[in-house]
Amino acid sequence: MSAPMKPIRVMLIDCRPLVLMGLHDLINARKPRMEVSGQATTYANALDLADQLRPNVIFFSFFPDALDPLEVVAGLTRSAEMKVLVLKGLYEAVPVAQAIEAGARGVVLAEDPTESIIQAIIKVHHRDIGLDRAWAGGLAGYAANGHIPLKCNLEQAKQAQLTLRERELIRAIVGDPSAKYLSIAARLGISEHTVHNHLSNIYHKLNLINRIDLLMYALKHGLTNNEEPPESTWVELD
């Protein structure tokens, strides 16, 4: 008889009681798959608590505090067993690139569907390599050159799985990152349900977590123009 799977231990860092309560209820509703092991409302408390609890995944929010949040992220991620997910609102100004450079493994939008947030926890816990930290430099190159060349055969193979409709959806999201799914659906002449289905397929094919992850990937890998990929990139995966 196999031993029961250990739950993913999640720690929450946020100064807003309602946010903490919402995440706490969302995560604990998935027991025994995952559970909240602790929560902190200041960065100093967060560092002490993380050292005591050694959580698997840490939800990290940026807020006014005596400590520098980027230094706190760096401190939390010194241990490879603790993986930080940045939680941000769609219109909230957060230094995402610096957070990734400091060691964060991904970004979760507060506006994401609850199931997407749960999947982000699972993926970042089981993924040895988080977000590609070179993406920030890629964005700079995109701004300067208007495109970013495809980087390697592995990424080309993943992108070759995308349908033309999925590529069209990616371009629509990149063109208006803050657009609601209903608005995108109307623009493409499809239902909102179909938009969600396409996004789920895109996330699976490209091994992404959420909409921000997709935006960064699309900008870095040049999925923003109307051209079909070169014929050589269309390969079939087993």
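What you see is a predicted model; the values in this text were computed from it and never measured.

(A) Just the packing of helix H8 (residues 164-175) against helix H11 (residues 211-221), in detail. One can describe the packing of H8 onto H11 by two numbers: an axis separation of 10 Å at closest approach and a directional angle of 100°. Between H8 and H11, the crossing angle belongs to the class labelled roughly perpendicular. Facing H8, whose interface residues are Ile170, Ile173 and Val174, H11 presents Arg211, Leu214, Leu215, Ala218 and Leu219. Class assignment for the residues of the contact of H8 with H11 results in seven nonpolar, no polar and one charged.

(B) Spatial organisation of the nonpolar core. Judged by nonpolar contacts, the single largest core of 27 residues is most densely connected at Met11, Ile13, Ile58, Phe60 and Leu76. Every element with two or more residues in this core is listed here: strand S1 (8-13), helix H2 (43-53), strand S3 (57-60), helix H3 (69-76), strand S4 (83-88), helix H4 (96-102), strand S5 (106-109) and H11. Those residues in contact with leucine 76 that sit more than four places away from it in its chain are Ile13, Ala46, Leu47, Ala50, Ile58, Phe60, Met82 and Val84. In this structure, Ala172, Ile184, Val195 and Ile202 belong to the second largest nonpolar core, which totals 23 residues.

(C) Main features of the sheet that holds S5. Spatially, S2-S1-S3-S4-S5 is the arrangement adopted by the five strands of the open sheet, whose pairing is parallel. Every interior strand has two partners, whereas the edge strands, strand S2 (34-40) and S5, have only one. Strand after strand, the sheet turns through a mean of 25° between neighbouring axes, direction not considered. With four bridges joining them, S4 and S5 adopt parallel strand pairing. Bridging across to S5, valine 86 finds its partner in valine 107. Across the face of the sheet, helix H1 (residues 17-28) comes into contact with S1, S2, S3 and S4 while running at roughly 160° to S2.

(D) Seen up close, the packing of helix H9 (residues 181-188) against helix H10 (residues 192-206). For the pair H9 and H10, the least separation of the axes is 8 Å and the interaxial angle reads 100°. When the axis of H9 is compared with that of H10, the two are roughly perpendicular. Here H9 contributes Tyr181, Leu182 and Ala185 to the contact with H10, which in turn contributes Glu192, Val195, His196, Leu199 and Tyr203. Taken together, the residues of the contact of H9 with H10 break down into six nonpolar, one polar and one charged.

(E) Summary view of unusual backbone geometry. Between lysine 31 and the following residue, proline 32, the backbone shows a cis peptide bond with an omega angle of 5°. Look at arginine 54: it is not a glycine, yet its phi comes out positive at around 50°. Assignment of secondary structure puts arginine 54 in the loop between H2 and S3. Of note in the backbone geometry, asparagine 207 takes a positive phi value of approximately 60° without being a glycine. Following the sequence through the fold, asparagine 207 ends up in the loop between H10 and H11. Residue asparagine 207 is classed as partly exposed on the basis of its relative accessible area, which comes to 38%.

(F) Spotlight on H3. Where H3 is concerned, the buried positions are Pro69, Val72, Val73 and Leu76. For H3, the buried positions fall inside an angular range of 100° around the axis, keeping them on one side. Residues of H3 that are buried in the fold lie against S1, H2, S3, S4 and H4. The N-cap residue of H3 is aspartate 68: its side-chain oxygen and the backbone nitrogen of leucine 70 are 2.9 Å apart.

Rules of the game
- Residues numbered from 1 in each chain as written.
- Predicted model: local features only at pLDDT ≥ 70, side-chain atom pairs only at ≥ 80, totals over all residues.
- Heavy atoms only, no water.
- Axes fitted to C-alpha atoms, helices over the stretch in contact; angles between N-to-C directions.
- Helix = DSSP H or I, 4+ residues; strand = E, 2+ residues; numbered from the N terminus.
- Parallel < 35°, antiparallel > 145°, perpendicular 65-115°, else oblique.
- Contact = heavy atoms within 4.5 Å.
- Nonpolar A, V, L, I, M, F, W, Y, C, P; charged D, E, K, R; others polar.
- Core = buried A, V, L, I, M, F, W, Y, C linked by side-chain atoms within 4.5 Å.
- Buried < 20%, exposed > 50% of the residue type's maximum accessible area, 1.4 Å probe, protein only.
- Pairing = 2+ DSSP bridges.
- Arc of directions from axis to C-beta.
- Polar contact = N/O pair within 3.5 Å; in protein donor to acceptor, adjacent residues only side chain to side chain.

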